[in-house]
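What follows is each chain in one-letter form.
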Amino acid sequence: QVQLVESGGGLVQAGGSLRLSCAASGRTFSSYAMGWFRQAPGKEREFVVRISRSGGSTYYADSVKGRFTISRDNAKSTVYLQMNSLKPEDTAVYYCAAQPSGTVTTTPPGYPYWGQGTQVTVSS
């Protein structure tokens, strides 16, 4: 299995940027597709973006398309989420998750491994 630790969250003004990182340890990182999800208070955890095991394919939620960019460095066992043009509605705890399957999945049950989350707060 794989262990995941997110970092990079914080408080930012609307229109600003943050870069989240998710460091993996354990089994070979390149064996997993990686996803980012977020959960705002009182809401369900929602899909943000997914990247394939090689990094050659990505899939974004419509709400972040054009503003967020996912990337991965398999040599460093790390996945990144660059978030630009942040909006107050992006405020949430952001989680990275690992998926051993190659099937594109956008729901939490499809990801067996999760980090502890990092808080992102966007002020208006």
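As a reminder, the structure under discussion sits directly above these lines.
Fair warning: this is a prediction, and the values are worked out from it, not measured in the lab.

Cut-off values and rules
Residues numbered from 1 in each chain as written. Predicted model: local features only at pLDDT ≥ 70, side-chain atom pairs only at ≥ 80, totals over all residues. Heavy atoms only, no water. Helix = DSSP H or I, 4+ residues; strand = E, 2+ residues; numbered from the N terminus. Buried < 20%, exposed > 50% of the residue type's maximum accessible area, 1.4 Å probe, protein only. Contact = heavy atoms within 4.5 Å. Salt bridge = Lys/Arg side-chain N within 4 Å of Asp/Glu carboxyl O. Pairing = 2+ DSSP bridges. Axes fitted to C-alpha atoms, helices over the stretch in contact; angles between N-to-C directions.

Glancing now at the environment of Ser-7. With respect to the element layout, Ser-7 can be found in strand β1 (residues 2-7). According to the relative accessible area criterion, Ser-7 is partly exposed, its value standing at 39%. For Ser-7 and Ala-23, which are 16 residues apart along the polypeptide, the C-alpha to C-alpha distance reads 8.3 Å. The contacts of Ser-7, once residues within four sequence positions are left out, are Arg-19, Leu-20, Ser-21 and Thr-118.

To continue, consider the pattern of salt bridges. Across all of its chains, the model carries 4 salt bridges by this definition. The salt bridge partner of Arg-38 is Asp-90, with a shortest N-O separation of 2.9 Å. With Arg-38 in strand β4 (residues 33-39) and Asp-90 in the loop between β8 (78-83) and β9 (92-99), this pair connects stretches of sequence that are 52 residues apart. The pair formed by Arg-38 and Asp-90 is uniform in burial state, with each residue classed as buried.

For the rest of this paragraph, the subject is the pairing of β1. Of the two faces of β1, the one lined by Val-2, Leu-4 and Glu-6 is fully buried and the one lined by Gln-3, Val-5 and Ser-7 carries no buried residue. For β1 and strand β3 (residues 18-26), the ladder comprises 6 bridges, and the chain directions are antiparallel. Across the sheet, residue Leu-4 finds its bridge partner in β3, namely Ala-24.

One open sheet accounts for 4 strands, arranged β1-β3-β8-β7; its pairing is antiparallel. Single-partner strands in this sheet number two, and they are β1 and β7 (68-73). Taking each pair of neighbouring strands and ignoring which way they run, the sheet shows an average axis angle of 15°. Of the strand pairs in this sheet, β7 and β8 are connected by 6 bridges, and their pairing is antiparallel. When the sheet's bridge partners are listed, Phe-68 is paired in β8 with Met-83.

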